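# A structural walkthrough
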Amino acid sequence: MRRPVFLSHACALFAPFLLAADSGSLAAVPDRVSAAAIINEMNLARQNPALYATFVVQTRQNYSGGVCLLPGNVRMGTHEGVRALDDAIRFLRRAKPQPSLALSPGLCLAAADHCREQAGGATGHYGSHGGDPGNRISRYGVVSQGWAENIAYGRHTAREIVLALIVDDGVRGRGHRKNIFNSTYDVAGAAYGPHARFGSVCSIDFARGYAENGFVRAGSDAQNSF
């Protein structure tokens, strides 16, 4: 049997530094952000990066020095301040449109597994038993041409999630952004759920050459949130 060839294993992590919040901010965390909404938002960025640059520009008004004010009166400390925004704007204005990503039920299931495991407050790409994104993705199919994973914490809408991953504040090499705009990936899955430390966690898995298992193809429902 031919062994999978992994062309890219770029795994990026985004965790905010929450400085202060009002007493109702965590209560305002939505119960659900669907996988379809997250994939559609990434496709909007991929297909119309110039439009998405205007969304980044609009977030400038929320910055004061190195602090960004999020919805719910949550103050988030940043590593780079508006410099990261400017870098993202330049990238988006130069970027060429990319084909859309198809939503993969199998990758949604893999992403949901990781969100569920991290609900208690864990962070990072490795599970409690040492499993990495490749192990989780392999539960629901076989990858022949590469995979990647993004994780975002503390964001509560599809647009907030995708904007944060594209800006990639403090992430050397902008790994999240590269994954979102990588033209070699043709499918993606996502999941969103509660997180004890940051309020929410969103996991996104990307792949190319992904053949889902028979039970997934037969109609097993991906858990977009829990």
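See above for the structure.
No experiment lies behind these values; they were computed from the predicted model shown.

## A closer look at the packing of helix α2 (residues 49–58) against helix α3 (residues 82–94)
Axis separation between α2 and α3 bottoms out at 8 Å; the angle between their running directions is 165 degrees. Considering their axes alone, α2 and α3 lie roughly antiparallel with respect to each other. Remark: the crossing between α2 and α3 carries left-handed chirality. Where α2 abuts α3, its residues Pro49, Ala50, Tyr52, Ala53, Val56 and Val57 lie against Leu85, Ala88, Ile89, Leu92 and Arg93. Considering only residue class, the contact of α2 with α3 consists of ten nonpolar, no polar and one charged.

## Details of the side chain of Arg174
Turning to its location among the elements, Arg174 is positioned in the loop between α6 (158–167) and α7 (175–181). Judged by its relative accessible area of 14%, Arg174 falls in the buried class. Not counting residues within four places of it along the chain, the set of residues in contact with Arg174 comprises Glu80, Ala84, Asp87, Val167, Asp168 and Asp169.

## Here's the deal with helix α1 (residues 35–47)
With 13 residues, α1 extends 18 Å from end C-alpha to end C-alpha; this agrees with the ideal 18 Å at 1.5 Å per step. Those residues of α1 lying buried are Ala35, Ile38, Ile39, Glu41, Met42, Asn43, Ala45 and Arg46.

## Considerations on the pattern of salt bridges
It is possible for side chains of opposite charge to pair when their charged atoms get near one another. Applying the stated criterion across every chain yields a total of ten salt bridges. With a shortest N-O distance of 2.6 Å, Arg159 and Glu41 are connected by a salt bridge. Of this pair, Arg159 sits in helix α6 while Glu41 sits in helix α1, and the two are 118 residues apart along the sequence. Relative accessible area serves as the criterion here: at 33%, Arg159 is assigned to the partly exposed category.

## Remarks on the packing of α1 against α6
It is the contact of α1 with α6, at a shortest axis distance of 9 Å, that shows an interaxial angle of 50 degrees. With respect to α6, the axis of α1 lies oblique. In this structure, α1 meets α6 at a crossing whose hand is right-handed. Taken together, the residues of α6 that come into contact with α1 (itself represented by Ala37, Ile38, Glu41, Met42, Leu44 and Ala45) are Ala158, Arg159, Ile161, Val162 and Ile166. Partitioned by chemical class, the residues of the contact of α1 with α6 number nine nonpolar, no polar and two charged.

## A few points about the pairing of strand β8 (residues 147–153)
Within β8, seven of the seven residues are buried, which leaves it mostly tucked inside the rest of the structure. Side-chain alternation along β8 places Trp147, Glu149, Ile151 and Tyr153 on one buried face and Ala148, Asn150 and Ala152 on a second face that is also buried. Pairing between β8 and strand β10 (residues 199–207): seven bridges, direction antiparallel. In the sheet register, Glu149 faces β10, and the bridge partner there is Asp205.

## Details of the nonpolar core
Of all hydrophobic cores here, the largest spans 40 residues; its most connected members are Met42, Ile166, Ile204 and Phe206. It is α6 that provides the largest number of residues to this core, a total of seven residues. Dropping the residues within four chain positions of it, Met42 is found in contact with Leu101, Val162, Ile180, Ala188, Ile204 and Phe206. Of all hydrophobic cores here, the second largest spans eleven residues; its members include Val143, Trp147, Ala207 and Val216.

## Let's talk about the side chain of Ser104
Within the secondary structure, Ser104 is located in the loop between β6 (102–103) and α4 (105–118). Judged by relative accessible area, which is 4%, Ser104 ranks as buried. Here the side chain of Ser104 touches Leu107 through a polar contact of 3.1 Å, landing on its backbone nitrogen. Residues in contact with Ser104, not counting those within four places in the same chain, are Val187, Ala188, Gly189, Tyr210 and Glu212.

Conventions and cut-offs
- Residues numbered from 1 in each chain as written.
- Predicted model: local features only at pLDDT ≥ 70, side-chain atom pairs only at ≥ 80, totals over all residues.
- Heavy atoms only, no water.
- Axes fitted to C-alpha atoms, helices over the stretch in contact; angles between N-to-C directions.
- Helix = DSSP H or I, 4+ residues; strand = E, 2+ residues; numbered from the N terminus.
- Parallel < 35°, antiparallel > 145°, perpendicular 65-115°, else oblique.
- Left-handed = near helix turned anticlockwise from the far one by under 90°.
- Contact = heavy atoms within 4.5 Å.
- Nonpolar A, V, L, I, M, F, W, Y, C, P; charged D, E, K, R; others polar.
- Buried < 20%, exposed > 50% of the residue type's maximum accessible area, 1.4 Å probe, protein only.
- Expected span 1.5 Å × (residues − 1).
- Salt bridge = Lys/Arg side-chain N within 4 Å of Asp/Glu carboxyl O.
- Pairing = 2+ DSSP bridges.
- Core = buried A, V, L, I, M, F, W, Y, C linked by side-chain atoms within 4.5 Å.
- Polar contact = N/O pair within 3.5 Å; in protein donor to acceptor, adjacent residues only side chain to side chain.

The analysis is restricted to geometry; functional conclusions fall outside its scope.
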